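Residue-level structural notes
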Amino acid sequence: MTLETDETETVTIACIQFEPIIGAVEENLAAIEARVRTAAAQGARLIVLPELADSGYVFDSTEELAALAQPIPEGRSARKLCALAQELGVYLVAGLAEATNEAFYNAAIFCGPEGYIGTYRKLHLWNRENLFFAKGNLGLPVFDTPLGRIGIAICYDGWFPETFRQLAMQGAEVVCVPTNWVPMPDQPAEAEAMSNILHKAAAHSNGIFIACADRVGTERGQPFIGQSLIIDATGWPLAGPAGRTGEEILYATITPKAVPQKRKLNAFNDIFGDRRSDVYGD
């Protein structure tokens with residue numbers, strides 16, 4: 001069922017850039033709660049948090065991950081976030097380390113005023129994630145909400161154009177991206193982050209809003225690059241990029257139902273209408 005929304009209704013998005021601490025789940029949840037409350041007080045209705053925001057990222061062993069990962073939605077982190085979303089009347093997307101009976105997943109929970117909504121599991125694993133996590137097996141779901149149709153991707157998923165194209169083809173108007181971006185090979189230190197280039201291009205070529213919440217800090221020798229941003233469906237930034245090292249909350253106001261109009265580039269060209277599926281398929 002699709003939930004109808006006013007074509008002119010605006011939504012304020014917040015992307016929370018902060019530094020989770022490896023292994024400190026309770027401390028991380030407390031930091032998340034404080035920042036979510038701040039964002040909600042500023043009027044945010046959709047709030048995005050980084051990848052693996054409850055556990056930290058650079059695991060030493062599967063045993064360490066097993067001690068930190070929890071089931072979704074039954075685990076401590078999931079229940080805490082769902083309760084917070086219900087209390088504040090907001091929608092949250094947060095990266096979590098998920099434990100199941102069969103495997104561990106680099107996942108994201110989606111919850112709102114009604115409680116738990118759904119889970120996304122990262123499809124494309126980066127570097128040593130392959131040692132600990134199974135590849136996502138839930139596809140690329142799109143969730144109907146009163147705010148609009150929401151999709152989720154995580155970090156390295158954004159390096160694959162198919163991720164955003166499939167979400168857009170399934171009706172996503174907004175894609176939330178919990179992420180832990182790291183420096184790319186051969187990238188000049190002062191150059192614009194490759195992550196930002198890729199996500200701006202994805203927003204433009206698919207006509208979707210994209211909200212990326214990155215982390216900062218250095219964890220067990222691995223630096224993270226910050227530079228969170230919120231991107232209009234035209235591809236131009238609405239907020240950010242945030243700084244490279246400091247904690248920050250970005251805010252932007254969007255109109256999800258304006259997506260069809262934003263895909264019209266001029267009187268003759270429409271990003272979706274011009275697709276040559278007769279040549280390259282659906």
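Preceding block: the structure.
Residues numbered from 1 in each chain as written. Predicted model: local features only at pLDDT ≥ 70, side-chain atom pairs only at ≥ 80, totals over all residues. Heavy atoms only, no water.

Attention now goes to the pattern of salt bridges. The full count for this structure, using the stated rule, is 18 salt bridges. Glu 87 is paired through a salt bridge with Arg 37; the nearest N and O atoms lie 2.9 Å apart. Here Glu 87, found in helix H3 (residues 76–88), pairs with Arg 37, found in helix H1 (residues 25–41); they are 50 residues apart in sequence, far enough to count as distant. Assessed through its relative accessible area of 31%, Arg 37 is described here as partly exposed. In this structure, Arg 276 and Asp 278 form a salt bridge, with 2.8 Å as the shortest nitrogen-oxygen distance. (Salt bridge = Lys/Arg side-chain N within 4 Å of Asp/Glu carboxyl O. Helix = DSSP H or I, 4+ residues; strand = E, 2+ residues; numbered from the N terminus. Buried < 20%, exposed > 50% of the residue type's maximum accessible area, 1.4 Å probe, protein only.)

Turning to the sheet that holds strand S5 (residues 115–121), a few remarks are in order. Read from one edge of the open sheet, six strands run S5-S4-S3-S2-S1-S14, paired in mixed fashion. With one partner strand each, in any of the chains shown, S5 and strand S14 (248–254) form the two edges of the open sheet. For this sheet the average axis-to-axis angle between neighbouring strands, irrespective of direction, equals 25°. Two strands pair when backbone bridges link them, and strand S1 (residues 11–17) and strand S2 (residues 46–48) are joined in this way by three bridges, in the parallel orientation. When the bridges of S2 are listed, Cys 15 appears paired with Val 48. Each of S1, S2, strand S3 (91–99) and S14 is contacted by H1, which is oriented at about 35° to S14, the strand it contacts most. (Pairing = 2+ DSSP bridges. Axes fitted to C-alpha atoms, helices over the stretch in contact; angles between N-to-C directions. Contact = heavy atoms within 4.5 Å.)

Tracing the backbone through its elements, the reader meets Glu 98 in strand S3. Between the C-alpha atom of Glu 98 and that of Glu 173, which follows or precedes it by 75 residues, the distance is 26 Å. Not counting residues up to four positions away in its chain, the partners in contact with Glu 98 are Ala 69, Gln 70, Ile 72, Ala 103, Phe 104, Tyr 105, Ala 107, Thr 119 and Arg 121.

One finds Leu 46, Phe 110, Val 174, Val 175, Ile 210 and Ile 230 to be the most contacted residues of the largest nonpolar core, which totals 50 residues. With five residues, the top contributor of residues to this core is strand S9 (residues 209–213). In this structure, Ile 230 is in contact with Ile 13, Cys 15, Ile 210, Ala 211, Pro 237, Leu 238, Ala 239, Leu 250, Tyr 251 and Ala 252, ignoring residues within four places of it in sequence. (Core = buried A, V, L, I, M, F, W, Y, C linked by side-chain atoms within 4.5 Å.)

Another point: the layout of surface pockets. Over the atoms rolls a probe the size of a water molecule, and its path tells where empty space is left. In this structure, the largest pocket spans a volume of roughly 190 Å³. Gly 158, Trp 159, Phe 160, Pro 161, Glu 162, Phe 164, Arg 165, Leu 198, Ala 201, Ala 202, Ser 205 and Asn 206 are the residues that line the largest pocket. For the lining of the largest pocket, the element with the highest residue contribution is helix H6 (residues 194–206), accounting for five residues. Residues belonging to the lining of the largest pocket are distributed by class as follows: seven nonpolar, three polar and two charged. One number sums up the size of the second largest pocket: a volume of about 160 Å³. (1 Å grid on protein atoms, 1.4 Å probe; cavity = no way out; pocket = protein on both sides within 12 Å on 5 of 7 lines; lining within 4 Å. Points joined across faces, edges and corners; volume = space filled by probe spheres on them. Nonpolar A, V, L, I, M, F, W, Y, C, P; charged D, E, K, R; others polar.)

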